[in-house]
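Structural characterization, general
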Amino acid sequence: MASTDLSRGTVSAHDFCVARGSAAIVTRSRQLGCTSIGLLGDRGCAPQPSGRIILGSHRHVPRITAGCHDVEYPCTTRSRGRGWPADLGGVHVSKFKDAEHLIRLAGAFVIGFAIFLLLRAYFVPKSFGEYGHYRGNALAELSSKPISYAGHHACEDCHGDVLQVKQAGKHAGVNCEACHGPLAKHAEDPASVVPQLPDTAVLCARCHEENIAKPKAFPQVVSKQHSGGEVCKKCHVPHSPLLQPGGKQS
Amino acid sequence: MITRRKLLMLLPAAAFAWEFVLAGTPEIAPNYNRSEHWWGMLLDIDKCIGCGNCVRACALENNVPEGYFRTWVERYHVSDWHQESPQVDSPNGGKDGFPTSTAVGGKNFFVPKMCNHCADSPCTQVCPVGATFHTPDGVVLVDETYCVGCRYCIQACPYGCRFLHPVTRTAQKCSLCYHRITKGLTTACCESCPTGARQLADLKNPADPIHEFLKTHSVQVLKPHLATGAKAYYHDLDGSVR
Amino acid sequence: MMVPVEGFMYPNEVELQWSVLIVVYPFVTGLVAGAFILASLERIFHVEAVKPTYRLALLTALAFLLVAPLPLQLHLGHPERSLEMYLTPHRTSAMAMFGFVYLWYLMAVLLLEVWLEYRHEIVLLSQSTSGWKRLLYRALTLGSSNISEGALRVDDRVGWVITLIGIPSAFLLHGYVGFIFGSVKANPWWSSPLMPVVFLFSAMVSGIAIVLLLYMAMMKIRRQPIDMRCVDTVAQYLLYIFIIDFSLEMLDLIQRIYEADESFRSLDFLLHTRLFFSQIVLQIAIGTVVPILTLGLIQIFHVSEKLRRIAYAVCGCLTIIGIFAMRWNVVIGGQLFSKSFLGYTTYKLDLISREGELVAAGLLVLPFLILAVLMKILPPWPERQTTIGD
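What counts as what
- Residues numbered from 1 in each chain as written.
- Chains lettered and ligands numbered in written order.
- Predicted model: local features only at pLDDT ≥ 70, side-chain atom pairs only at ≥ 80, totals over all residues.
- Contact = placed C-beta atoms within 7 Å.
- Helix = DSSP H or I, 4+ residues; strand = E, 2+ residues; numbered from the N terminus.
- Nonpolar A, V, L, I, M, F, W, Y, C, P; charged D, E, K, R; others polar.
- pLDDT = per-residue confidence, 0-100.
- Pairing = 2+ DSSP bridges.
- Axes fitted to C-alpha atoms, helices over the stretch in contact; angles between N-to-C directions.
- Core = buried A, V, L, I, M, F, W, Y, C linked by C-beta atoms within 7 Å.
- Buried ≥ 20, exposed ≤ 12 C-beta atoms within 10 Å, placed from the backbone.
- Parallel < 35°, antiparallel > 145°, perpendicular 65-115°, else oblique.
- Arc of directions from axis to C-beta.

Facing 36 residues of chain A, the contacting portion of chain B comprises 45 residues. Going through the elements one at a time, α2 (137-143), α5 (176-180), α6 (184-188) and α7 (200-208) of chain A are the ones with two or more residues in the side of chain A that touches chain B. If you tally residues by element for the side of chain A that touches chain B, the top one is α2 of chain A, at 5 residues. Within the side of chain A that touches chain B, the residues separate by chemical class into 19 nonpolar, 9 polar and 8 charged.

Okay, the confidence of the model for chain C next. Residue and element names in this part refer to chain C. The predicted model of chain C has a mean per-residue pLDDT of 92, with 97% of residues at 70 or higher. Throughout residues 385-390 the model reports pLDDT below 50, and contacts reaching past four residues in sequence, or to other chains, amount to 18 contacts. Complex prediction metrics read pTM 0.84 and ipTM 0.91.

Once that is clear, we can look at the interface of chain C and chain B. Taken together, the contact pairs 31 residues of chain C with 36 residues of chain B. Listing elements by their share of the side of chain C that touches chain B, those giving two or more residues are α4 (84-87) and α5 (94-128) of chain C. With 3 residues, α5 of chain C is the largest single contributor of residues to the side of chain C that touches chain B.

The next point concerns the sheet that holds strand β1 (residues 39-44) of chain B. Residue and element names in this part refer to chain B. With mixed pairing, 4 strands are arranged side by side in an open sheet as β9-β1-β11-β10. The open sheet terminates on both sides in strands that have one partner only, identified here as β9 (198-202) and β10 (219-220). Direction of pairing for β1 relative to strand β11 (residues 232-235): parallel, over a ladder of 4 bridges. Across the sheet, Leu43 pairs through a bridge with Tyr234, a residue of β11. Most of the contacts of helix α7 (residues 209-216) go to β9, to which it runs at about 95°, and overall it touches β1, β9, β10 and β11.

Residues and elements named next belong to chain C. Among the nonpolar cores identified, the biggest contains 202 residues, and Val32 and Leu212 are the most heavily contacted of them. With 17 residues, helix α8 (residues 194-221) is the largest single contributor of residues to this core. When residues no more than four places from it in sequence are discounted, the contact partners of Val32 are Ala61, Phe64, Leu65, Ala68 and Leu173.

Time to look at the environment of Arg91 of chain C. For Arg91 of chain C, the position within the fold is in the loop between α4 and α5. Each C-alpha atom, one on Arg91 of chain C and one on Leu366 of chain C, is 32 Å from the other, the two residues being 275 residues apart in sequence.

All names here are of chain A. By the element assignment, His208 lies in helix α7. Among the residues examined, His208 registers 20 C-beta atoms within 10 Å and is labelled buried. For His208 and Val221, which are 13 residues apart along the polypeptide, the C-alpha to C-alpha distance reads 6.1 Å. Each residue touching His208, except ones within four places of it in the same chain, is listed here: Pro219, Gln220 and Val221.

What follows is about the packing of helix α1 (residues 21-43) of chain C against α8 of chain C. Residue and element names in this part refer to chain C. Between α1 and α8, the least distance of the axes is 6 Å, while the angle of their chain directions is 70°. As summarised for this structure, α1 and α8 are arranged roughly perpendicular, according to the angle between their axes. Two secondary-structure elements touch here, α1 through Pro26, Gly30, Leu31, Ala33, Gly34, Ala35, Ile37 and Leu38 and α8 through Phe199, Leu200, Ser202, Ala203, Met204, Val205, Ser206, Gly207, Ile208, Ile210 and Val211. In the contact of α1 with α8, the residues fall into 14 nonpolar, 5 polar and no charged.

All names here are of chain B. Counting buried positions along β9 yields 4 of 5 residues, so the element is predominantly enclosed. Both β1 and β9 contribute to a ladder of 5 bridges, which runs antiparallel. Following the sheet pairing, Gly40 is matched in β9 by Ala201.

Buried within α7 of chain A we find Cys204, Cys207 and His208 of chain A. Each buried residue of α7 of chain A sits inside an arc of 85° when the element is viewed along its axis, so together they form one side.

Put into structure tokens, the structure is as follows:
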């Protein structure tokens, strides 16, 4: 049985396989501060007397070619795990530069970066950055959404008569759609949408129902006291509220 | 003679134009020059009656989902001199108006709130992808096809005017009715305001009456200490307003 | 949408935007940074005693780092557009810049360091295993099987430089998360220059604690003796950094109370009501004071090995809970009060939804599963030495 007593500075193992084909795992144990050597087994090896470690050659480890020499590898306890002596005595150092793997890694990074640039060229919208850090086309898209409220000028184009009544009264500053709702579709094609007249019982109260937070000067009433539940249109002309239905000024 | 090629070119153009015909709207006003405008808004507390027209109009104009608000109205009650602890309510954002107040005495008023279209907006600063931005004419907009829905902008807005649209799962907020103001119309909220408490302001146009008003009257912005460059100017804003 | 609201909140504020997933995310990146700092203690500062945890710390950091983007992706309204953050990053946005910090840390620091540390074993294993494992290891060698003395020395040197760069990178990785919160001037619970520093130190605490717990757990599972000198040293460092972390948090609290600015009354109320359990009880009392006192007492009085082990395990667990509570209190707590300072809302945490409890729990368990896989592929401790006869 093998025992690996690394703390003593040498590895003493009893059974080693020197036949060809055995592979050694040499683990730099940074935790333990020295090199540990363990062996992978191979079939049909003859055990050798203890005392020395023989690093056999292995066909799958072409770069570390240690010949079948009896070489002792004392375990050192240098803190960074540098268990190997400088001279490997018989091991042929590979022809590859020692940083070859890092160069391959750098290559992988370069490829990754190239892929990133490709993605960028393909996916970033063409108009991006036109006016600032955003998609330039968004401006046109957001400007061209359909409208719902026509604006009072559109109403007044056709309903000049109402405008006259309104302008003479207190609701001069109240736009048509404030009460009649959005009517851009009606403005575009009057026949397509017939506007519903709003229910004055609900509509007028929204503005004129008394509330302590409304400006004091604003005309407001407690509708129960004011009209006793009667609908507003009974006494007021909505377009000019001080006018009574029938034309009389109240 | 109409060739197949010509037809293929005409069809998308026709489809595009047809959409406008159906919606009842002209195309982008050809004479709108972005660099000639710098948009803001005047909100006159003296005139707001809390009718909620603006909230409803905005919701209709911009398809705002129920429970979320691009604009809303708050009602304040400040008793005596307690400037630091007003009582505020905003039932459903003021969309259905306000119920009769139970408050007695003190100062009571309505405050309409909206996106302030800040000149140094923290929301555009934090957007990681460039989905929200300033237009050259001073409006802060959201490109909903580009927004990833990270909600950093919603966190960064000090005024609480942004929300995540539950269906599109992108950030949304008041767009100052950009699709209207670029056609020479006013915003939906201003159009429907019966008292002129809300008025669109073109800060670059000296002929704009609001432009003059801002120069000659006492106006405030919300949270000035945060230096956001807010362009929603309030007239007669009480110190208790948050 | 019917969420209980107390007082007044801006209508759009009632619903919380950043959910429990955004609590999990800084927690996970914090563990990454902390575990890496512990690893660097050995590599750069030559604290020999903690060597047994070196590889474990690296693998832990990697496992958590791989999981870190998941809560973010699940949280996004449009995760399919998330590549935009890399393709058109907005340079003024901390979140956009963080994407690159994360990428840097993953590719140029952690993966590289793990690779260099394990390259020797990888090469050997690529030659000695068979089947899919062989393919895996061969892929990991990047085609180079040079494990000569010179190559290993190069690896060591480069690894040292990477760890050196890795320390500020780890600080940046998690400090950035703190910065994302700390730079939001709209939110006074978050807005503070101390935020990145507090986040970083609490990250270090959590990272050290998790490696301590994992080390002890792994030794128990492998039925190997726990290196007491190692865990004693790790616990010592945990104590030191905990003291700094606690001091910073208390400084923040005391300064807030003393200055009592506009937001103070609202935040104070929040702390005494909605956040009382998670902040005062979980984060401060159980999660910080108890571990500090316990670890401190162990430094002063002689305590038996067995008792120390139990104490470390308990303190480790309490620490992890406390740090998670801290993330919760910052992220969720910061959204529970109104920016008008006049009201409070409630966080509705679903059980089963994209941003619900189950998903959060799953994301917290996943790194351990990944770690188990990593430990199988890249064993942190040398296997018991055997010969052919065994």
